[in-house]
Amino acid sequence: MSKRSYLWRQAEVCLSRARVSGDPVLKELYEDLAAEFAHDAACEPNLDSLKNSELESRENPAHSRTCLVPRIGG
């Protein structure tokens, strides 16, 4: 499982827990965690859409990546 898939799965789990939680504080916590996981997943590169040359350049540790997706709520 890729890191991107793992992060999306964690966001889904958090949203499921938020739906069934009877505690408003826990519900908000789960929703916030889901938003963080979704943001992190959106910032992960989608390896299926990259060409081999792009993959090789990403393996270079000097390659820095910047997420262009703004965080929700600050």
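The structure presented is a predicted model; accordingly, all values stated were derived computationally and were not measured. (Residues numbered from 1 in each chain as written. Predicted model: local features only at pLDDT ≥ 70, side-chain atom pairs only at ≥ 80, totals over all residues. Heavy atoms only, no water.)

> For this particular structure, what's the right way to read the overall build of the chain?
When its secondary structure is counted, the chain shows three helices and zero strands. Mapped from its N terminus to its C terminus, the chain presents α and β elements in the order α-α-α. Within the span of the chain, comprising 74 residues, buried residues form 19% of the whole. If you take every contact in the chain between residues at least 6 apart in sequence, the share linking residues at least 24 apart comes to 57%. Just so you have it, the chain exposes about 5800 Å², and 52% of that area is on carbon and sulfur atoms. (Helix = DSSP H or I, 4+ residues; strand = E, 2+ residues; numbered from the N terminus. Buried < 20%, exposed > 50% of the residue type's maximum accessible area, 1.4 Å probe, protein only. Contact = heavy atoms within 4.5 Å. Areas by Shrake-Rupley, 256 points an atom, 1.4 Å probe, with all protein chains shown as cover.)

> Is there a simple way to think about the pattern of salt bridges in this case?
Two side chains bearing opposite charge may form a pair once their charged atoms approach each other closely. This model, assessed by the stated rule, comprises two salt bridges. For Lys3, the salt bridge is made with Glu44, and the minimal N-O distance between the two is 3.8 Å. With Lys3 in helix α1 (residues 3-20) and Glu44 in the loop between α2 (24-43) and α3 (52-58), this residue pair connects regions lying 41 residues apart in the sequence. Exposure remark for Lys3: the relative accessible area of 52% places this residue in the exposed category. (Salt bridge = Lys/Arg side-chain N within 4 Å of Asp/Glu carboxyl O.)

It is worth stressing that arrangement in space is one thing and function is another; only the former is reported here.
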